[in-house]
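So you can see what is in the structure, the chains are spelled out below.
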Amino acid sequence: MIVEEIMKTDVATLHPTDTIADAMALMEVRKIRHIPIVDHEKHLVGLVTVAKIREATPSIFHANEHPEILKKTLDTIMERDVITGHPLDFVEETAALFYEHKISCIPILHDRKLAGIVTETDLLRTMIELTGVHQPGSQIEVRVPNISGALSDVAGIIRKRNANILSVLVYPDKQDGAFKVLVLRVQLMNPTGLIQDLKQAGHQVLWPNLPGMNI
């Protein structure tokens, strides 16, 4: 999946000469927390976030005492060293940037002009869609050897049950690098029979495996 598929293209922007009051009003109307700052050619020149505004403005209890602060232009508070992305970037690489730099949004540029924006909410929504947790089904975790064909073997057992696989995640076993864990969401409300099939085939089912469950 590429960024172009998840980014918002209807981006609310302001100019460096707009004021803090303008940014606060726009955030309230659009229910947003990030405003890219652009010049008249739509080139990105900065970024204003809720956090930046909170740093610059007085407490709500003293706002009337410092009205001049709200008249300050955005070029006085905006972040200038902005991490950006491209519409053809991979979503997982973009997510890594969020994690590494502890940021909450990434403006997306095409031909040096603002084309969209990706926020934490967009990434969270994408993760939900990719893992299939918003669809009815069951999650099964299987520990398998880290060898070629392990996933195919498990998928074959699921196919015999005529169960649809909604999503598959794979991560290394933290205890033993010779194994990996498959996290599968299957379109079954009662996975008991499938779990029995997996165990009979010699696979170690990590989840569901609660005490008292007859599986």
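Look up a bit, the structure's there.
Residues numbered from 1 in each chain as written. Predicted model: local features only at pLDDT ≥ 70, side-chain atom pairs only at ≥ 80, totals over all residues. Heavy atoms only, no water.

1. A few points about the side chain of Asp122
Inspection of the secondary structure puts Asp122 in helix H4 (residues 120-131). When its relative accessible area of 0% is taken as the criterion, Asp122 is described as buried. Side-chain polar atoms of Asp122 contact the backbone nitrogen of Thr119, separated by 2.8 Å. Residues contacting Asp122, with those up to four places away along its chain left out, are Ile6, Lys8 and Ile117. (Helix = DSSP H or I, 4+ residues; strand = E, 2+ residues; numbered from the N terminus. Buried < 20%, exposed > 50% of the residue type's maximum accessible area, 1.4 Å probe, protein only. Polar contact = N/O pair within 3.5 Å; in protein donor to acceptor, adjacent residues only side chain to side chain. Contact = heavy atoms within 4.5 Å.)

2. A short note on the sheet that holds strand S5 (residues 138-145)
Taken in spatial order, the four strands make up an open sheet running S6-S7-S5-S8, and their pairing is antiparallel. The open sheet has two edge strands with one neighbour each: strand S6 (165-172) and strand S8 (204-207). If you compare each strand with its neighbour and ignore which way they point, the axes differ by 25 degrees on average. In the sheet, S6 pairs with strand S7 (residues 179-186) via seven bridges, with the strands oriented antiparallel. Residue pairing for S7: Tyr171 is matched across the bridge by Val181. Sheet strands touched by helix H5 (residues 150-160): S5, S6 and S7. Its angle to S7, the strand with the most contacts, is close to 30 degrees. (Pairing = 2+ DSSP bridges. Axes fitted to C-alpha atoms, helices over the stretch in contact; angles between N-to-C directions.)

3. What to know about the side chain of Thr49
Looking at where Thr49 falls in the secondary structure, it is placed in strand S2 (residues 44-49). What makes Thr49 buried here is its relative accessible area of 16%. Setting aside anything within four residues of it in sequence, one finds Thr49 in contact with Met27, Arg33 and His34.

4. Quick notes on the nonpolar core
With 16 residues, the main nonpolar core has Ile140, Val142, Val154, Ile158, Leu194 and Leu198 as its most contacted residues. Elements represented by at least two residues in this core include exactly S5, H5, S7 and helix H6 (192-200). Among the elements that line this core, the one with the most residues is H5, at four residues. Discounting chain neighbours no more than four positions away, the residues touching Ile140 are Leu182, Val183, Leu184, Val186, Pro191, Leu194, Ile195, Leu198, Val205, Trp207 and Pro208. Among the nonpolar cores identified, the runner-up in size contains 15 residues, and Leu26, Ile53, Ile77 and Met78 belong to it. (Core = buried A, V, L, I, M, F, W, Y, C linked by side-chain atoms within 4.5 Å.)

5. A word on the packing of helix H3 (residues 91-101) against H4
Contact pair H3 / H4: the axes reach a minimum separation of 11 Å and the direction vectors enclose 130 degrees. With respect to their mutual orientation, H3 and H4 come out oblique. Between H3 and H4 lies a crossing of left-handed hand. Contacts from Val91, Ala95 and Phe98 of H3 reach H4 at Glu120, Leu123 and Thr126. (Parallel < 35°, antiparallel > 145°, perpendicular 65-115°, else oblique. Left-handed = near helix turned anticlockwise from the far one by under 90°.)

6. Some words on a nonpolar patch on the surface
Together, Leu151, Ile165, Val168 and Val170 give the surface a local cluster of nonpolar side chains, amounting to about 270 Å² of exposed area. Among the elements that make up the nonpolar patch, the one with the highest residue count is S6 (three residues). Along the polypeptide, Val168 turns up in strand S6. (Patch = residues over 30% accessible without salt bridge, like charges linked within 9 Å, V, L, I, M, F, W, Y side chains within 5 Å. Areas by Shrake-Rupley, 256 points an atom, 1.4 Å probe, with all protein chains shown as cover. Salt bridge = Lys/Arg side-chain N within 4 Å of Asp/Glu carboxyl O.)

7. Looking at the packing of H5 against H6
For the pair H5 and H6, interaxial distance at closest approach is 10 Å and the crossing angle is 140 degrees. With respect to each other, H5 and H6 are oriented oblique. Like other packed secondary-structure pairs, H5 and H6 cross with a definite hand, here right-handed. Taken together, the residues of H6 that come into contact with H5 (itself represented by Val154, Ile157 and Ile158) are Leu194, Asp197 and Leu198.

8. Quick look at the pattern of salt bridges
All chains considered together, the criterion is met by eight salt bridges. Between Glu28 and Lys31 there is a salt bridge, with its nearest N and O atoms 3.2 Å apart. Accessibility classification places Glu28 together with Lys31 in one group, the exposed group. For the salt bridge of Arg161 with Asp197, the shortest nitrogen-to-oxygen distance reads 2.5 Å. You can see Arg161 sitting in the loop between H5 and S6 and its partner Asp197 sitting in helix H6, a full 36 residues away along the chain. Overall, Asp197 belongs to the partly exposed group, its relative accessible area being 23%. Salt bridges here are not isolated pairs; linked through shared partners, they connect Lys8, Asp122 and Arg125.

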